[in-house]
Amino acid sequence: VQLVESGGGLVQPGGSLRLSCAASGFTFSRYIMSWYRQAPGKERELVAAITSAGGITNYADSVKGRFTISRDNTRNMGYLQMNNLKPEDTAVYYCAADQSFHNILIINPGSWGQGTQVAVSS
């Protein structure tokens, strides 16, 4: 099982980034995919999740209306479009996958990526 994130970087407040997550080694289309983030000195938090077929999404209140999670099961790819970024969005962002939504919610998915750094600063 492998999840590899990309697309992080430094962006000014109000800017946008699109994170990608490449999945391999498992049947991605059967798994819930999620994005988490961890800021320095803070606990890891769930940012967004999407069901296996992409029909249902869930967002943290802090990112609703600004972030959009999506997936392309034909390419084994997941995405997180982040718009109107704020300094408080600065964190390492991780993608993860699990077949249990409970595990997603309790921040204990079976598979994690290595993370990609997002920094929002002027």
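Now for a description of the structure that goes with this document.

### Some details on the overall build of the chain
Per the secondary structure count, the chain includes 1 helix and 11 strands. Helices and strands in the chain line up, N terminus first, as β-β-β-β-β-β-β-β-β-α-β-β. In terms of overall dimensions, the chain has a C-alpha envelope of 40 × 25 × 25 Å along the principal axes. Scored against the burial criterion, the 122 residues of the chain give a buried share of 43%. Counting contacts in the chain only where the partners sit at least 6 residues apart, residues at least 24 apart contribute 57% of the total. Here the chain displays about 6,100 Å² of accessible surface, and carbon together with sulfur accounts for 46% of that area. Between the centroid of the 10 positive side chains of the chain and the centroid of its 8 negative side chains there is a distance of 5 Å.

### Some words on the environment of Ala53
Tracing the sequence through the fold places Ala53 in the loop between strand E5 (45-50) and strand E6 (57-59). On a C-alpha basis, the gap between Ala53 and Cys95 in space is 17 Å, while along the polypeptide they are 42 residues apart.

### Here's the deal with the pattern of salt bridges
Within the structure shown, the criterion is met by 5 salt bridges. In this structure, Asp89 and Arg37 form a salt bridge, with 2.9 Å as the shortest nitrogen-oxygen distance. On the criterion of sequence distance, the pair formed by Asp89 in the loop between strand E8 (77-82) and strand E9 (91-98) and Arg37 in strand E4 (residues 32-38) is long-range, its members being 52 residues apart. Neither residue differs from the other here; Asp89 and Arg37 are each classed as buried. The partner of Arg66 in a salt bridge is Asp89, with the nearest N and O atoms 2.7 Å apart. Of this pair, Arg66 sits in the loop between E6 and strand E7 (67-72) while Asp89 sits in the loop between E8 and E9, and the two are 23 residues apart along the sequence. Judged by its relative accessible area of 0%, Asp89 is buried. Salt bridges here are not isolated pairs; linked through shared partners, they connect Arg37, Glu45, Arg66 and Asp89.

So, how was this worked out
Residues numbered from 1 in each chain as written. Predicted model: local features only at pLDDT ≥ 70, side-chain atom pairs only at ≥ 80, totals over all residues. Heavy atoms only, no water. Helix = DSSP H or I, 4+ residues; strand = E, 2+ residues; numbered from the N terminus. Buried < 20%, exposed > 50% of the residue type's maximum accessible area, 1.4 Å probe, protein only. Contact = heavy atoms within 4.5 Å. Areas by Shrake-Rupley, 256 points an atom, 1.4 Å probe, with all protein chains shown as cover. Lys, Arg positive; Asp, Glu negative; His and termini not counted. Charge placed at Lys NZ, Arg CZ, Asp CG, Glu CD. Salt bridge = Lys/Arg side-chain N within 4 Å of Asp/Glu carboxyl O.

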